[in-house]
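The residues making up each chain are set out below.
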Amino acid sequence: MTIEIQDLAYTHPGGTTGLHVPQLTVQAGETLAVIGPSGSGKTTFLNVLSGLLRPDNGSIRVNGIAVDALSRRAAQVYRADSVGYVFQDFGLLDYLTARDNILHPFRIARGRRVTPHARNRANELAKALGIADRLTHRPAQLSHGEKQRVAICRAVVTDPKVLLADEPTGNLDPDTAALIMDHLLTARDRLGATLVMVTHDHSLLDRFDRVLDFRDLWRSGA
Amino acid sequence: MRLYRAILATLTLAAPPALADTSRTIAAVNAPLAYIASVLGGAQVDVIYPLPPDVDPAYWSPSPEEVQAYQQADLILLNGAGYAGWVESALLPRARLVDTTAAVQALLIPAETETVAHKHGPEGEHAHDGAYAFTTWLDPQIAEAQIAAAAGAISARWPDMAPQIEQRTADLRAEIAAMDAALSRFFSKVSERQIFASHPIYQYLDYAYPGDITALHWEPDTDPGEQEWSAFELAIDADRHPIMLWEDFATAGTQQRLEGLGVEIIVLNPMANAETWDGLFLRLADQVAGK
Amino acid sequence: MNGIAYLAWRHTHFHWLRSLTLVLVMATLITIPLLAEVLTRAAETRMMSRAEATPLIYGSAGAPLDLTLTAAYFRGDIETPISMEDYDWLIASRLADLAPVHVAGTSRSIPIIGTDFEYFRLRGLTAAAGRLPVSLGEVVLGAEAAQSLGVAAGELVTSDVNQVFDLAGAYPVGMLISGILEPTGTPDDGAILTDLKTGWIVSGLGHGHEELTRQTKAALLLKGAGGDAITANASLPTLETISADQLADFHFHGPSETFPLSAVLVFPFDEKSSALLRGRVEARDTAVQILRPTDQIRGLMENVFQVKSVLQGVMLAVSLAALLAMALVVWLSVQMRRREFDVALRLGAGPGLPAALVASELLLLLTAAVIISLAVTWSAALMEDQIAQLWFRNG
């Protein structure tokens, strides 16, 4: 899935510049690391990519879809169908088991439901990520690594074409972080999806096809 | 008796109260009243009279089941005059009680003043201390009043029966008149003779007809003691050809001895507890018909 | 199961203590007014049906409600009794079936009512055990009364010593229980019924002769010191039992037509008889009255409902406070779930998801609360007999 960005700008409601990306093209299947200091707009970038925030200027097309022009309703469908999301804090629901967390997107998105096929898919993913025996546990009973693997399963269970990850290894030790990185890349391979990942972990950068450094953008924009 | 058993059977089957409403029932405390009820009521009324044949209704004590039979009746004919003391302590519906002598209190004869307690058959000891003499129906005037009281109560209870009640009252009056005539004829005939009674149960005859009756306390089923005999022998006046009224046949010994003394025995049962009621007052009078 | 409903269920289940608290609060808020409504309605139905089953009441002039409650519900007693003369006057009118009521006393606080055999027929009372009384000294007990006294047919009940008429000295009277009545759901269930004469004996108006054996209670004798026990206790209350062989020994003081009655229940034969009788009573005497219990009970119920509406106002205020507290709990819970809703938004949920989730949970809790309320109300309605009995007895 191709991501094409032209002269993208977003200003926070307070008036401070949140984001400015003059031009960027990411080819389908490519992996993009986004780095930069805190407050440089990395998360805002992901929000714009996922259609949660509408840019003030410029265009953003994901696989031909003009994400900047989507209605809220269409943006919601786009997120549900095309985007997978992985969070730094895992974003798991404490009251659901690992399995129910993985199946969560099917329960909250309009028009979706938990089908036997979805269950099989969740089981396969859990097996592939080595958490098949943890499916009946609640997040409180899982290690950080296990939690993030559950979160990855949840992100890919709907077969999205864009995988967004917001510092997914930020809360993990280096070994686990590497493992999670493996899983994300494996998932990317399997889905043929585009992976955009915000990270502070420079040791992981060499595993990405491309790196977008927001520090440079600020400099060039300023 | 058949009626009595039928009632008991109905009670044992725990008949619903509604059943009592569908048929008309009148209960009576003695045979003359039961007879009056059966004549006045005719086919429209069932008469409840649960007394066994061998008891005196005046002193009878009913079993709980027998009281229940009375409780179910639409009307309960009482003799008044303190008759049937059980009525006082039994739970009977007050509004259904008919005191048949209430209207003729003035005609009632006070009982002997001295209280005489004695053994009286299977019922054991009791005292003849009722306020009035019991056998009220022997006085034709009272008997008529009792019929009138019953007729009035029935007509009031079932107004649809009033026309028939009038005719039936007339029939009963005719019967009382016939009884009156027979008794009158008999007592006129014996008025000059000395008249004894085995028991003080003929006070109303004594009052209503000529002649003077002296009452003893002799039981039909037991022979009087020598003391009684000697007192009696002193009292009789052979020249006045004494007669003695008995409510039932005395023992053979007593009969023989009375005959030996020249006393004629006449059985005059007041029929307080006749086994059959048909023509009760006529049959009562028939006992003295040819005498 | 719908996804939202599933999530609502999982969430309420996970936070079970919070859910349980909310359910109990809601259930209480629903149950109290519901229960009050059901019970007052049941009481009203019961009170009204008894009133409707008692066409007219004849009694002394005075508080009509007291007369009604005494005569039809056996609650309390009226100050001025009428007499047997009134009863006989009513009988002589031949316009109605009649049942006299004499509040004779109590046995362990259960009212002893002297009446006529007609009462059993007019009220349709039958014996579940034993039989209806046939003679002086016999009583039948209502089902509740028998249960609360713990007695059965064939046993004795003893009257309490608190007689109004104390002519012969106060002493408890023992009476034979001839039977226990079928339950009827009326005040008859909570009463001891007997005939008028026995009632008068209980009231102290009639009593046994001197030669009647008085059994001094053994327990009292034992309290005395040694040989002079009997002398020492001669003045203590003695128990007199009315039994078949002692019937003849009982006598009453004064002429029978002056004997007291609390009231007479009047069941006119028809509308015309009713009108005639009411007219005659009004013309007869100003010291007496004849009234329709339904009028009195309707009036009473209006008062009850007025009190109830005040209580409902109080309840409403309490409910509002409780609802505010609940709203706070829900709001706090939503605040704590902000992250959850944010994640859901990124995973493709619509903006309405938080509201839908909270609403589903509240619906779930409300359903549980309603079920509990209905169950409680339903069981209360089933036990309404007992509750009503308490009300009839103590209310």
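Residues numbered from 1 in each chain as written. Chains lettered and ligands numbered in written order. Predicted model: local features only at pLDDT ≥ 70, side-chain atom pairs only at ≥ 80, totals over all residues.

Visitor: Sorry if this is basic, but what is going on with the pairing of strand 1 (residues 3-11) of chain A here?
Guide: Consecutive residues of a regular strand have side chains that alternate between opposite faces of the sheet. Residues and elements named next belong to chain A. As judged from the 5 bridges shared by strand 1 and strand 4 (residues 57-62), these two strands associate in the antiparallel manner. Opposite Ile3, over in strand 4, you have Val62 as the bridge partner. Two elements, strand 1 and strand 2 (residues 17-26), share 8 bridges in a ladder whose sense is antiparallel. Residue Gln6 lies in a different strand from strand 2, and its bridge partner there is Gln23. (Pairing = 2+ DSSP bridges. Helix = DSSP H or I, 4+ residues; strand = E, 2+ residues; numbered from the N terminus.)

Visitor: In this structure, what is going on with the sheet that holds strand 9 (residues 243-246) of chain B? I would like to understand it.
Guide: Sheets are built from strands paired through backbone hydrogen bonds, the pairs being either parallel or antiparallel. Residue and element names in this part refer to chain B. The strand order across the open sheet built from 4 strands is 8-7-9-10, with neighbouring strands paired in parallel fashion. Looking at strand neighbours, the two that pair on one side only are strand 8 (213-215) and strand 10 (264-267), the edges of this open sheet. Looking at each pair of strands side by side, their axes are set apart by 30° on average, direction ignored. Where strand 9 meets strand 10, 4 bridges bridge the pair, whose relative direction is parallel. Across the sheet, residue Met244 finds its bridge partner in strand 10, namely Ile265. (Axes fitted to C-alpha atoms, helices over the stretch in contact; angles between N-to-C directions.)

Visitor: Quick question: what am I supposed to make of the sheet that holds strand 8 (residues 194-198) of chain A here?
Guide: Residues and elements named next belong to chain A. Read across the sheet, 5 strands follow the order 6-7-8-3-9 without closing on themselves; strand pairing throughout is parallel. Each having just a single partner strand, strand 6 (83-86) and strand 9 (210-213) make up the two edges of the open sheet. On average, each strand axis in the sheet is tilted by 15° relative to the strand beside it, whichever way the strands run. Pairing between strand 7 (residues 162-166) and strand 8: 5 bridges, direction parallel. If you follow Leu164 over to strand 8, its bridge partner there is Val196. Sheet strands in contact with helix 1 (residues 42-49) are strand 3 (31-35), strand 7 and strand 8, and its direction is about 150° off that of strand 8. (Contact = placed C-beta atoms within 7 Å.)

Visitor: Teacher, can you tell me more about the interface of chain C and chain B here?
Guide: Size of an interface: often given as the accessible area lost when the parts come together. In this complex, chain C contributes 15 residues to the contact, which on the side of chain B involves 13 residues. The element that contributes the greatest number of residues to the side of chain C that touches chain B is helix 5 (residues 117-122) of chain C, accounting for 3 residues. A breakdown of the residues in the side of chain C that touches chain B according to their chemical character gives 7 nonpolar, 2 polar and 6 charged. (Nonpolar A, V, L, I, M, F, W, Y, C, P; charged D, E, K, R; others polar.)

Visitor: Even after reading the chapter, I still don't get the nonpolar core, so can you show me in this structure?
Guide: Ala37, Leu77 and Ala150 of chain B together with Val266 of chain C are the most contacted members of the largest nonpolar core, which has 144 residues in total. Of all the elements, helix 6 (residues 140-157) of chain B adds the most residues to this core, at 9 residues. If we ignore the near neighbours within four places in the chain, the residues touching Ala150 of chain B are Ile36, Ala37, Leu40, Leu77, Val98 and Thr100 of chain B. Counting 69 residues, the second-largest nonpolar core is a separate cluster that includes Ile3, Leu103, Val150 and Met197 of chain A. (Core = buried A, V, L, I, M, F, W, Y, C linked by C-beta atoms within 7 Å. Buried ≥ 20, exposed ≤ 12 C-beta atoms within 10 Å, placed from the backbone.)

Visitor: Whenever I open this one, the pairing of strand 6 (residues 138-141) of chain C confuses me. Can you help?
Guide: Residue and element names in this part refer to chain C. The alternating pattern of strand 6 places Glu138 and Val140 on one face and Val139 and Leu141 on the opposite face, and all of these are buried. Pairing of strand 6 with strand 8 (residues 173-181) involves 4 bridges; the strand directions are parallel. Bridge pairing in strand 8 links Leu141 to Ile180.

Visitor: How should the environment of Arg173 of chain B be read in this particular structure?
Guide: Residues and elements named next belong to chain B. Mapped onto the elements, Arg173 comes out in helix 7 (residues 162-190). In sequence terms Arg173 and Ser23 are 150 residues apart; their C-alpha atoms lie 27 Å from each other. Leaving out residues up to four positions away in the same chain, Arg173 has contacts with Glu144 and Ile147.

Visitor: What exactly am I supposed to notice about the packing of helix 3 (residues 31-41) of chain B against helix 6 of chain B here?
Guide: Geometrically, a packed helix pair is captured by the angle between its two axes and the distance between the axes. Residue and element names in this part refer to chain B. Relative to each other, helix 3 and helix 6 sit at 45°, their axes nearing to 10 Å. Between helix 3 and helix 6, the angle is such that the two are oblique. You can see that helix 3 and helix 6 cross each other, and the crossing is right-handed. Residue-level inspection shows Ile36, Ala37, Leu40 and Gly41 of helix 3 in contact with helix 6, the latter providing Gln146, Ile147, Ala150, Ala151 and Ile154. Grouping the amino acids of the contact of helix 3 with helix 6 by side-chain chemistry returns 7 nonpolar, 2 polar and no charged. (Parallel < 35°, antiparallel > 145°, perpendicular 65-115°, else oblique. Left-handed = near helix turned anticlockwise from the far one by under 90°.)

Visitor: What should I look at first to understand the interface of chain A and chain C in this one?
Guide: Listed by partner, the interface residues are 21 residues for chain A and 15 residues for chain C. Of all the secondary structure elements, the ones that give two or more residues to the side of chain A that touches chain C are helix 2 (72-82) and helix 4 (104-108) of chain A. Of the residues forming the side of chain A that touches chain C, the biggest block, 5 residues, is contributed by helix 4 of chain A. Here the side of chain A that touches chain C is built from residues that sort into 12 nonpolar, 4 polar and 5 charged.

Keep in mind these values describe shape, not function.
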